[in-house]
Each structure stands twice: as C-alpha cells, then as structure tokens.
Amino acid sequence: MQGMESLTELYKIGRGPSSSHTMGPERACKAFRQQYPAADAFRVTLYGSLAKTGKGHGTDEVIRKTLAPAPCEVRFDSKTTALPHPNTMDMVALLNGCEIGQARVLSIGGGSIAFEGHGVKKPETVYEKSTFSDIAAYCKEHDLRLWEYVAEQEGPDFWSHMEQVWSAMKQAITRGLADKGILPGGLEVKKKAGALYRNQHIDESAETREHRMVCAFAFAVSEQNASGEEIVTAPTCGAAGVLPAVLYYQQQKHRFSDQQILHALATAGLIGNLIKTNASISGAECGCQAEIGSACAMAAAALGELFSLDIDKIEYAAEIAIEHHLGLTCDPICGLVQIPCIERNAVAAMRAINAVSLASFLWDSRKISFDKVVKTMKETGRDLSSSYKETSEAGLAKIKLE
Ligand code: SF4
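The model shown is predicted, which means the values in this text are computed figures rather than measured ones.

1. As for the environment of Pro244
For Pro244, the location among the structural elements is in helix α9 (residues 242–254). Classification of Pro244 as buried rests on a count of 33 C-beta atoms within 10 Å. Sequence spacing of Pro244 and Leu265 is 21 residues, and the spatial spacing of their C-alpha atoms is 9.3 Å. In this view, Pro244 contacts Met169, Ala172, Ile173, Phe217, Val221 and Ala234; residues no more than four positions away in its chain are not counted.

Structure follows, in structure tokens:
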C-alpha cells in the first residue's frame, strides 16, 4: 500500500500565482541551494509545461530571486518530450565555471516536488491508508469523524499549522476585498472582488446575495494569487479561492467557531490528499479537473463536516463535486492564472454548496464511489491531449483578446 503524506504537505502558505510553476520551483531552488552552498552560479532548464507557460507564470523570475545573489541562467526547452513528468526541471550548480552538482526535479502539483536521485528526501508518509473506502471503514468501526481520523494520524504540530492556514486564508480574503487596480501580466484584467462584495443589487434576494458573497470571496483569494501575493494551496494556487470562499461565507452565515472550521479544513485536506495520492492535483498532469475539481470536492467535504453530515454523505458530496468537473481543460490565456481561473474558482465554490445539498437529499441512491471517480479522473487526465494541460496551446488560450 502506498500511504499518504501529511496534510501539511497539501496546505502550503506561499506566494502565487502557480503552485506547480512558482511554489514548486521555489522550493526546489531552496533545497538545491542548501545542498550546494559553495556554488557561485546556477543554470536551470525548464521542460514541458514549465517551459511553455513558465514565462506567464513568472517561473524564471522566481528561480532567479530564490537563487540570488548567485546568478542563474534560466533556459526554456519546450522541444524535449521524453520527460518523467510534464513539469520537469534540471538544475546545475557551478563553481568557477565548473559543474559541481546537478539534479532533476519534478514539480508534481500543489507546490510539492520530487527529486530524481541526489538524496533530497520526499516527505514521509504519515497515513497508512490511501483509499476513501478503507478510511471510511476504519472511522465507522472506531466511531470517528474524518477529522478525528486525521488528528489521530498527524503529528503534534498539526493543529497549529492548520490555524496558520485558516489565518492566511482569511487574510487573503480581506486583502483581496480591499485591493483595486489591474492584475499584472498584460491582459488588463481588472480586480473585481471589492466591487462584487460592495455592489449590492437594488432588490437583491437572499440567494442572490449568497452567490455574490461567495463569489466575492473566491475572487478575492484568486486575485491575490494572480497578483503574486500570499495564499494557501487548496490544493493548488490556481484553485486556492474555492475552499476559503465556502468556509468564510458559511462561518459568517452560521457563526461556526474557528475550531469547527479547522475540523472542516482537516476533512477537506483528507479528500485533497486522496486525490493527490491516487490521481493528481496538477493541471499540467490531468487538466483543470485536477485543480478546480479537487478544490470543489474539498470544499464540499468541508461543508459536509460543518453541517455534521455522516461519512457516506460527505463522500457523496465530494464525489459529485469531482464527477461534474471530469474532463475540465486547463487552458489559461497567456499562461497567466487569470482567465478562466479566477471565475472558475467562484463557480466551483457555488458548485460545492450545491453538491452538499444534493448529497444530503440523494445519498442513498448513489452509484459511484469517491474512489472510483478519482480513478476515472486520473484516466480522463491521461487521455486529455497535452494541449489542454497547462500548455496554453489550445482552447481558451488560443483566443485573441480585444
Ligand atoms: S485553468 Fe485551472 S488548472 Fe489551469 S491554471 Fe487555471 S485554475 Fe489552474
């Protein structure tokens, strides 16, 4: 059995706009620099999706900043196709012009990295079980909620990490609602979270207000991400707005305590971890279904926990959320995490709320398990053309903006 890593590897606090294209390479550079402290220069070659959309995401800038003050030449190689992962990078450490070390790093999604050789360890696995059905059976046998299972498996520092995660999510919303102007990158996309939050419709119904608030919170985080500000991967930077938007809105509406929110975050994290382990949370690997679809499933599970739904209903809500994102393509215009990404976060946040209400009514008639839909998502991602996997070669990415 393969086991799963800690949720602290899933929820990472850092700067956007892309977990795989900025956070992952940033972590790789930090680890590589530590391994070769004597190096006086570096050379990094980006392949696959990192080469094709790295400029738009600012990957080269992040690499140079992280390795500074040593100079770094960044090369973009979009021709090489025999790669171990769509987000592959080669790093070379130099001293007086001579090579003193090299490593191949895979940015595997959600800011996580894996080194080929060279002894930088992958995070430990702290969960022995890695399917929803096994975890659900264990929880039922021991009368545990999913978050209690998480608490049982994680280390002593887990809840303090989750407090920081929730705090960073709330701060991103607050900053995003107050922010104005145009997003960087040249698409001239206006920051709209504040306007959405404040511009009440003249005879707004409660439902319309709910939609507007949830969307405003999702826009706030996603615009902060696109601005290179601090956000939390949930499970990635591109999909970082979905989960905080749902939790923040529901906390305001129902006065849930921060502790209840932390339990919901742990439940959501378990769902994200299962997808990361058994399929992918990387847009470059499986398309946007892996990012926004996963975020939607996490938010649905979190909301199910807040509403004290039983495990079967939480499973169904998360399953619905993924099922209706199957095949969703990743085609960001100019490689910027803006169009369609920001709106997509808002739509997925609403969809998570809908998935929970549907699951709470229809759970006893369901036919597809969470584990099955995750497997299907992986297969669908494998079958998707690479043009729709964060390469900006097709779909919306081909549209010329006026
Ligand atoms: S389209 Fe989806 S997967 Fe692609 S960058 Fe945007 S949010 Fe991420």
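2. Focus: helix α10 (residues 258–278)
Its 21 residues place the ends of α10 30 Å apart at the C-alpha level, agreeing with the 30 Å of an ideal helix rising 1.5 Å per residue. Taken across its 21 residues, α10 has 15 buried, putting it largely inside the fold.

3. Topic: the domain arrangement of the chain
When the parts of a complex come together, some accessible area is lost, and that lost area is often taken as the interface size. Partitioning the chain into structural domains gives domain 1 (15–116) and domain 2 (130–398). Placing a centre on the C-alpha atoms of domain 1 and another on those of domain 2 gives a separation of 28 Å. Those elements giving two or more residues to the side of domain 1 that touches domain 2 turn out to be α1 (19–35), α2 (48–57) and β6 (98–109). Broken down by element, the residue count for the side of domain 1 that touches domain 2 peaks at seven residues, all from α2. A breakdown of the residues in the side of domain 1 that touches domain 2 according to their chemical character gives four nonpolar, 13 polar and three charged.

The rules behind the values
Here the residue numbers are simple positions, counted from 1 along each chain's written sequence. Local features are withheld for residues below a pLDDT of 70 in this predicted model, meaning they are given only at 70 or higher, and side-chain atom pairs are given and counted only at 80 or more; totals for whole chains, interfaces and linings count all residues. To qualify as a helix, a DSSP run of H or I must reach at least 4 residues; to qualify as a strand, a run of E must reach at least 2; elements of each kind are numbered from the N terminus. Comment: burial labels come from other C-beta atoms within 10 Å of the residue's own C-beta, placed from the backbone, where a count of 20 or more is buried, 12 or fewer is exposed, and between is partly exposed. The contact criterion used here is simple: two residues whose C-beta atoms, placed from the backbone, lie within 7 Å are in contact. Multiply 1.5 Å by the residue count of a helix minus one, and that product is the helix's expected span. Domain borders in the structure are assigned automatically or taken from a domain database. Three classes are used: nonpolar for Ala, Val, Leu, Ile, Met, Phe, Trp, Tyr, Cys and Pro, charged for Asp, Glu, Lys and Arg, and polar for all others, with Gly counted as polar.

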